[in-house]
Amino acid sequence: MLEKNKIYETQVTDYTAEGQGVAHIEGCAVFIPNAVAGETVRVRIEKAQKTWAAGKIVEILERSPHRMTRKCPVAKLCGGCDFWHMDYEEELRLKAERVRSSLNRIGGESLETMPILGAPTCEDYRNKAQYPVAAKKGRAYAGFFKAGTHEVVENERCLILPPETDRVKDVVMDYVNQFRVSVYDETTGKGLLRHIYVRRGAVSGQILVCLVVNGDRIPKAQALIARLKNIPGFTTLVLGVNTKKGNAILGDQFITLYGEGYIEDTLCGLNFRLSPRSFYQVNHHQAQRLYEAAITQAEITKDDLVLDLYCGVGTITLAMASAAGRVIGVEVIPQAVEDAKDNARRNGIQNAEFFCGDAGKAALELENQGIRPDVIVVDPPRKGLNSDTIEALDRMAPRRIVYVSCDPATLSRDVALLKERGFALKNAQAADLFPRCAHVETVVTLIR
């Protein structure tokens, strides 16, 4: 067992799924933040267990050619980004390797390489932000949580967000401090403002501002609206009511204070209505490439019935509608289903249907009704598919399954489960929708 606080010299050989460097000292795996593979470092052990330890770099003896100076001044503190200390080439390599390794180790594959769609830029790409708010010495401020904590790190300018998004944050905080709007305290459950949620249409430029509050009103609302109107693209202001304790950001009630309560944007040539609860990929350019890859892999014909589980506001469903005979989307959030139906109407798509319900239960119900999809698309949350959905996919026996995933580990687990039921992996493509952040998307195709 390594000694806590002792300094060791070692070489960084690999990365964890979260992007930390990995070294091995005396047979013990040591996890090192802000490290780059190939570097020789001196590391202080900060936590020591029998089989693993956590360390901190005290000196870099041999620097990797992929190490770079961080452009973000709070990158080491903020929990939002992970990779400002390395160049984008190395970030893409580790993400592609993470997907490949996971599919091989958990999914039982034998892939030698993994293609990845790199982003054209690492800055200004993210079309949604959720700023937690806090107060210190009588002053309220907003930023992002420090990694592994609920301590808010203030950041004047977030490089992965458009400047307009940070400007909204600044306008709201000026209003909060001028009118002494109280800030929510997680410990006591007291205070009004919890989060500032901003969504910006990448094509439309329209901006939705949602203030998540521990109540159902804010003071001097018209004063805030007047200030927000000075921001180009500001379209609507919504209150998101969340009076429950816990770390969930959005509640279930929304009150529109200005505008329509939603914005519009264009993706894959289609127009979409987006309200606060709508799922919509945060990187517009890369989402379009990801969906194009999914549509290509699906190999849909005009005779096909396509079932899209976890359809959100219908982005993939409607993008596939022109190639298919009929498309059905399933989504558990009622507001998103209403948006999906509206999106079909506004785009003149008549061969699409949408149902509200849990993906697995809805799929089993459709199967009981005799519906046999030729192609099934799944884009589940990070936890992957539940047992009901796996069973439904097996019983429906589609010609192919297109699986869009935001977590390589749960994707690989589900690939292994589907292989047991007679499916085989045909294609796998990683895509970087989150430059400078540890997450990576993947689209795979399984055939019967």
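What counts as what
Residues numbered from 1 in each chain as written. Predicted model: local features only at pLDDT ≥ 70, side-chain atom pairs only at ≥ 80, totals over all residues. Heavy atoms only, no water. Salt bridge = Lys/Arg side-chain N within 4 Å of Asp/Glu carboxyl O. Helix = DSSP H or I, 4+ residues; strand = E, 2+ residues; numbered from the N terminus. Buried < 20%, exposed > 50% of the residue type's maximum accessible area, 1.4 Å probe, protein only. Contact = heavy atoms within 4.5 Å. Polar contact = N/O pair within 3.5 Å; in protein donor to acceptor, adjacent residues only side chain to side chain. Pairing = 2+ DSSP bridges. Axes fitted to C-alpha atoms, helices over the stretch in contact; angles between N-to-C directions. Core = buried A, V, L, I, M, F, W, Y, C linked by side-chain atoms within 4.5 Å.

(A) Fine view of the pattern of salt bridges. Within the structure shown, the criterion is met by 31 salt bridges. Close ionic contact of Arg67 with Glu39 constitutes a salt bridge, the shortest N to O distance being 2.7 Å. Placement of the pair is Arg67 in the loop between strand S5 (52-62) and helix H1 (88-105) and Glu39 in the loop between strand S3 (28-32) and strand S4 (40-48), with a sequence separation of 28 residues. As far as burial versus exposure is concerned, Arg67 and Glu39 are alike and both buried. Between Lys419 and Glu109 there is a salt bridge, with the nearest N and O atoms lying 2.9 Å from each other. Placement of Lys419 in helix H9 (residues 408-420) and of Glu109 in the loop between H1 and strand S6 (116-117) is noted, with a sequence separation of 310 residues between them. Among the residues examined, Lys419 registers a relative accessible area of 29% and is labelled partly exposed. Salt bridges linked by common partners bring Glu264, Arg273, Asp339, Asp342, Arg345 and Arg346 together as one network.

(B) Representation of helix H7 (residues 359-368) within the structure. A large share of H7 lies buried, amounting to seven of its ten residues. When we look at burial in H7, the residues that qualify are Ala359, Gly360, Ala362, Ala363, Leu364, Leu366 and Glu367. Where H7 is buried, its residues contact strand S16 (305-309), strand S17 (326-331) and helix H8 (387-396). Its side-chain oxygen at 3.2 Å from the backbone nitrogen of Gly360, Asp358 defines the N-terminal cap of H7. Gly370, located one to two residues past H7, shows a positive phi value of around 90°.

(C) Spotlight on the sheet that holds S6. What the eight strands build is an open sheet, ordered S6-S21-S22-S20-S19-S16-S17-S18; its pairing is mixed. At either end of the open sheet lies a strand with only one pairing partner, and these are S6 and strand S18 (352-356). Where strand S19 (residues 375-378) meets strand S20 (residues 400-405), four bridges bridge the pair, whose relative direction is parallel. Residue pairing for S20: Ile376 is matched across the bridge by Ile401. Docked against the sheet, helix H6 (residues 334-346) engages S17 and S18, running at close to 170° with respect to S18.

(D) Spatial organisation of the nonpolar core. Of all hydrophobic cores here, the largest spans 89 residues; its most connected members are Val172, Val176, Ile196, Leu211, Ile218, Leu224 and Leu228. Broken down by element, the residue count for this core peaks at seven residues, all from strand S11 (residues 207-213). Setting aside anything within four residues of it in sequence, one finds Ile196 in contact with Ala129, Gln130, Tyr131, Val133, Ala142, Lys169, Val172, Met173, Cys210 and Leu211. Residues Met114, Val330, Met396 and Ala428 belong to the second largest nonpolar core, which totals 35 residues.

(E) Looking closely at the environment of Glu62. Summarising the element assignment, Glu62 is placed in strand S5. Separated by 357 residues in sequence, Glu62 and Lys419 have C-alpha atoms that sit 44 Å apart. If we ignore the near neighbours within four places in the chain, the residues touching Glu62 are Glu39 and Thr40.

(F) The arrangement of the side chain of Lys169 in detail. Topologically, Lys169 is positioned in helix H2 (residues 163-178). Sequence-distant contacts of Lys169, that is, excluding residues within four places in its chain, are made with Tyr131, Ala142, Asn155, Glu156 and Ile196.

(G) Summary view of unusual backbone geometry. Backbone geometry places Lys220, a non-glycine residue, at a positive phi of 50°. Residue placement: Lys220 occurs in the loop between S11 and helix H3 (221-228). Not every positive phi belongs to a glycine, and Tyr310 is a case in point at roughly 60°. Mapped onto the elements, Tyr310 comes out in the loop between S16 and helix H5 (315-321). With relative accessibility at 18%, the residue Tyr310 sits in the buried group.

(H) Up close: the sheet that holds strand S10 (residues 193-200). Taken in spatial order, the seven strands of this open sheet run S9-S8-S7-S10-S11-S12-S13, and their pairing is mixed. Edge positions in the open sheet fall to strand S9 (152-154) and strand S13 (253-258), since each of these has one partner strand only. When strand polarity is set aside, the average angle formed by the axes of neighbouring strands in this sheet is 35°. In this sheet, S9 lies alongside strand S8 (residues 139-145) in antiparallel orientation, the contact comprising three bridges. The residue of S9 that forms the bridge with Phe145 is Val152. The strands that H2 touches are strand S7 (128-136), S8, S10 and S11; relative to S10, the one it contacts most, it runs at about 150°.

(I) Just the pairing of S5, in detail. Pairing of S3 with S5 involves three bridges; the strand directions are parallel. Among the inter-strand pairings, Phe31 is bridged to a residue of S5, identified as Ala54. Where S4 and S5 come together, eight bridges link them in antiparallel fashion. Note that in S5 the partner of Val43 across the bridge is Ile57. Counted between consecutive antiparallel strands, the loop separating S4 from S5 contains three residues.

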